[in-house]
Amino acid sequence: MKQLKVDKTTEMETFLKVATTGSLSAAGKQMGLTPSAVSRMMTRLETRLGVRLIVRTTRHLHLTSEGEAYALAARRILNDLEETESAIANRARPSGLLKISTAAAHSRLTMVPLYQEFLERYPDIKLEIEVSDLISDVEGGHIDVAIRFGPLPDSNLSARRLGDTGRTIVATPNYLAKAGMPKTPADLEQHNCLDFSFNRLEPGWPMCDEGRHYILPISGNMIANNGDTLVELAMQDIGITRVGNFHIENAIKSGELIPLLEDYNPQDKEVIHAVFIGGQHMPERVRVFIDYLVEKLSF
């Protein structure tokens, strides 16, 4: 005679309720079953296994040693099942708070236009954006994904390359009309050069003259810690600056800024990375965001 298929998951859950509550009626109440239904289920379970799991008296109920072993295994199996289902469900529909850190200009010009489509794809994810030119704390868990420019220090973090950006020397037509057009790198000695305030091994601007690469010392009356500020200063006709191309593409197209000394541009590139904590336990919301950035920004 063909045996009916046994719902072992329900059996395990009911057995654990009996073990936890110490009562068939209390377990049945929590499971939405009658005490007699719980009793029949426990009897079927013991018959199938061929061992006594529960010792019942008129006042008390306790587990046998086999019952204790079964309870331990049932908890592990049900926890594993719940974790597996949660992981698969989360993979299909990632959710939760995703904390992102980007530099000011890159956030405004590159990242902000991407967020709407990402949230439309993954409506259960909430974004928290930190806009700062300071290095954010990814390793400490305060930020999930940080967009960083330039070489990365050695660390336990993971990184995905998103692209790179070149740099260009620029000034406004008004500034050049007033101060003159530099024809060679040496001419910059006569100009007000607006530079980053970051400490560098070789202060100055890189140049390439007939295949010879070198750093040209520059000087000026203002420095800043971010490219947006340097661009704004240059737009006020204060001086010449050298910044990443993503800062100035639109201003060059409109003629508000003029590229300078392009024959001496070494075409050096600054690599852009997404930095995050990787590994098998990386949240799915982080994984899908990294994949989205690679899709949209890599070239």
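About the thresholds
- Residues numbered from 1 in each chain as written.
- Predicted model: local features only at pLDDT ≥ 70, side-chain atom pairs only at ≥ 80, totals over all residues.
- Heavy atoms only, no water.
- Core = buried A, V, L, I, M, F, W, Y, C linked by side-chain atoms within 4.5 Å.
- Buried < 20%, exposed > 50% of the residue type's maximum accessible area, 1.4 Å probe, protein only.
- Helix = DSSP H or I, 4+ residues; strand = E, 2+ residues; numbered from the N terminus.
- Contact = heavy atoms within 4.5 Å.
- 1 Å grid on protein atoms, 1.4 Å probe; cavity = no way out; pocket = protein on both sides within 12 Å on 5 of 7 lines; lining within 4 Å.
- Points joined across faces, edges and corners; volume = space filled by probe spheres on them.
- Nonpolar A, V, L, I, M, F, W, Y, C, P; charged D, E, K, R; others polar.
- Pairing = 2+ DSSP bridges.
- Axes fitted to C-alpha atoms, helices over the stretch in contact; angles between N-to-C directions.

Q: Explain the nonpolar core to me, and be specific about the residues and the numbers.
A: If you look at the biggest cluster of nonpolar residues, it comprises 22 residues, and the most contacted ones within it are Leu-98, Phe-118, Val-145, Ile-147, Phe-289 and Leu-293. Secondary structure elements with two or more residues in this core: β3 (96-102), α5 (104-121), β4 (125-131), β5 (145-149), β14 (270-276) and α9 (284-297). With 7 residues, the top contributor of residues to this core is α9. If sequence neighbours within four positions are ignored, Val-145 has contacts with Leu-98, Lys-99, Ile-100, Ser-101, Ala-274, Val-275, Phe-276, Val-286, Phe-289 and Ile-290. In this structure, Met-42, Leu-63, Tyr-70 and Ala-74 belong to the second largest nonpolar core, which totals 18 residues.

Q: Lay out the layout of surface pockets in plain terms, naming residues and giving numbers.
A: By volume, the second largest pocket amounts to about 520 Å³. Forming the boundary of the second largest pocket are 26 residues, of which Leu-109, Asn-245, Phe-246, His-247 and Glu-249 lie nearest the centre. Elements that contribute at least two residues to the lining of the second largest pocket include exactly α5, β6 (158-165), α7 (227-235) and α8 (245-254). Looking at the lining of the second largest pocket, the element that brings in the most residues is α8, giving 8 residues. When the residues that make up the lining of the second largest pocket are grouped by side-chain class, the tally is 10 nonpolar, 8 polar and 8 charged.

Q: Account for the sheet that holds β6, with residues named and values stated.
A: The strands making up a sheet are joined through hydrogen bonds of the backbone, oriented either antiparallel or parallel. As summarised here, the arrangement of the 5 strands in space is β4-β3-β5-β14-β6, forming an open sheet in which the pairing is mixed. Where the open sheet ends on each side, the last strands, each with one partner, are β4 and β6. On average, each strand axis in the sheet is inclined to that of its neighbour by 20°, with strand direction left out of account. When β5 meets β14, the two strands line up antiparallel, connected through 5 bridges. Residue pairing for β14: Ala-146 is matched across the bridge by Val-275.

Q: Requested: an account of the sheet that holds strand β8 (residues 193-196), with residues and values cited.
A: Pairing within the open sheet is mixed, and its 5 strands lie in the order β11-β8-β12-β7-β13. Since the sheet does not close on itself, it has two edges, and those belong to β11 (223-224) and β13 (258-260), each with one partner. Note: β8 against β11, 2 bridges, orientation parallel. Residue pairing across strands places Asp-195 opposite Ile-223, the latter belonging to β11. α7 rests against β8, β11 and β12 (240-244) of the sheet, and its axis sits at about 170° to β8.

Shape is all these values report; function is a separate question.
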